[in-house]
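A closer look at the structure
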Amino acid sequence: MSALNKDNKLSDENLAALNERGRGALDQKMGIEIIEASPQRMVGTMPVSGNTQPFGLLHGGANVVLAESLGSIGSHLHAGLDRRIVGIEISATHHRAAKSGIVTGVATAISLGRTLASYEVVITDEEGVRTCTARITCLILNDTKPEKPENLESKKAN
C-alpha cells in the first residue's frame, strides 16, 4: 500500500505521522513543519525565532536545512520508502533577510530519475517575498549495502 493518496500526495494521516515522529532531530530543533508532501512538490515552514545569526536575521544555514529537508523527503517519496536517500549537492542564494515570523519553503521537482532527484526550493517570508532560492540533488540508493571486497573474494574461492 502506498503512503500517497490518489492525488499522489502524502495522505493526511501519513503527513501527521511524518510531522510527529518521522522528521530528523535537526528538523525538530529548528521547528520545521511539513505542510504538503508529494514527490513533485513539498511545502514546509520554519520559524525565524531560534534560527537566527548574531545580528537577529534568519541564519543562511537554516535556509539550507529547510531546503535539504524538503528535497530529501520529496526524493524519498519519489524513490519509495524502501530506498535510501543522500544529498549530494546543495546551493543557496540568499536574496533578502527574514527578521521575524515564519518562512515557507516550496520544493518543486526539477528532475525525478531512477538514481537522482533534483529540486528547486523557493523560500519566502510571511509577505510572500522571496528570501532564498536553493537547489538540491539527492542520490537514490538501494537499501541493501554492497558486500565488502573480502567477502567477494571468499565467494570466488568456493
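Provided above is the structure to which this section pertains.
Residues numbered from 1 in each chain as written. Predicted model: local features only at pLDDT ≥ 70, side-chain atom pairs only at ≥ 80, totals over all residues. Heavy atoms only, no water.

**Thoughts on the overall build of the protein**
- A count of helical and extended segments in the protein gives four helices and six strands.
- Listed by position from the N terminus, the elements making up the protein come as α-α-β-β-α-β-β-β-β-α.
- Each of the 158 residues in the protein was classed as buried or not, and the buried ones make up 37%.
- Sequence separation of 24 or more characterises 58% of the internal contacts of the protein that already satisfy a separation of 6 or more.
- Of the roughly 9,200 Å² of accessible surface on the protein, a fraction of 51% belongs to carbon and sulfur atoms. (Helix = DSSP H or I, 4+ residues; strand = E, 2+ residues; numbered from the N terminus. Buried < 20%, exposed > 50% of the residue type's maximum accessible area, 1.4 Å probe, protein only. Contact = heavy atoms within 4.5 Å. Areas by Shrake-Rupley, 256 points an atom, 1.4 Å probe, with all protein chains shown as cover.)

**Some points on the nonpolar core**
- Ranked by internal contacts, the top residues of the largest apolar core, which has 32 residues, are I34, M42, M46, V103 and V121.
- Elements with a contribution of two residues or more to this core: α1 (12-22), β1 (33-37), β2 (41-47), α3 (60-79), β4 (102-112), β5 (116-124) and β6 (130-142).
- Of all the elements, α3 adds the most residues to this core, at eight residues.
- The residues contacting V103, other than those within four sequence positions of it, are G44, T45, M46, V48, L58, L66, A98, I123, T124 and D125. (Core = buried A, V, L, I, M, F, W, Y, C linked by side-chain atoms within 4.5 Å.)

**Description of the pairing of β6**
- Sheet topology note: the strand β3 (residues 83-94)/β6 ladder contains 11 bridges and is antiparallel. Paired with S91 across the strands is R135, a residue of β6.
- Two strands pair when backbone bridges link them, and β5 and β6 are joined in this way by nine bridges, in the antiparallel orientation. Within β6, the position partnered with S118 by the bridge is T137. (Pairing = 2+ DSSP bridges.)

**Brief notes about the sheet that holds β5**
- Strand order across the open sheet formed by six strands is β1-β2-β4-β5-β6-β3, with antiparallel pairing between neighbours. Strands with a single pairing partner mark the edges of an open sheet, and in this sheet they are β1 and β3. Strand after strand, the sheet turns through a mean of 20° between neighbouring axes, direction not considered.
- The pairing of β2 with β4 spans seven bridges and is antiparallel. Its bridge partner being in β4, T45 is matched across the sheet by T104.
- Each of β1, β2, β3, β4, β5 and β6 is contacted by α3, which is oriented at about 145° to β3, the strand it contacts most. (Axes fitted to C-alpha atoms, helices over the stretch in contact; angles between N-to-C directions.)

**Some points on the side chain of S118**
- Looking at where S118 falls in the secondary structure, it is placed in strand β5.
- By relative accessible area, S118 is classed as buried at 8%.
- Reaching out from S118, the side chain makes a polar contact with the side chain of T137 at a distance of 2.9 Å.
- The contact partners of S118, leaving out residues within four places of it in the chain, are T108, A109, I110, S111, I136 and T137. (Polar contact = N/O pair within 3.5 Å; in protein donor to acceptor, adjacent residues only side chain to side chain.)

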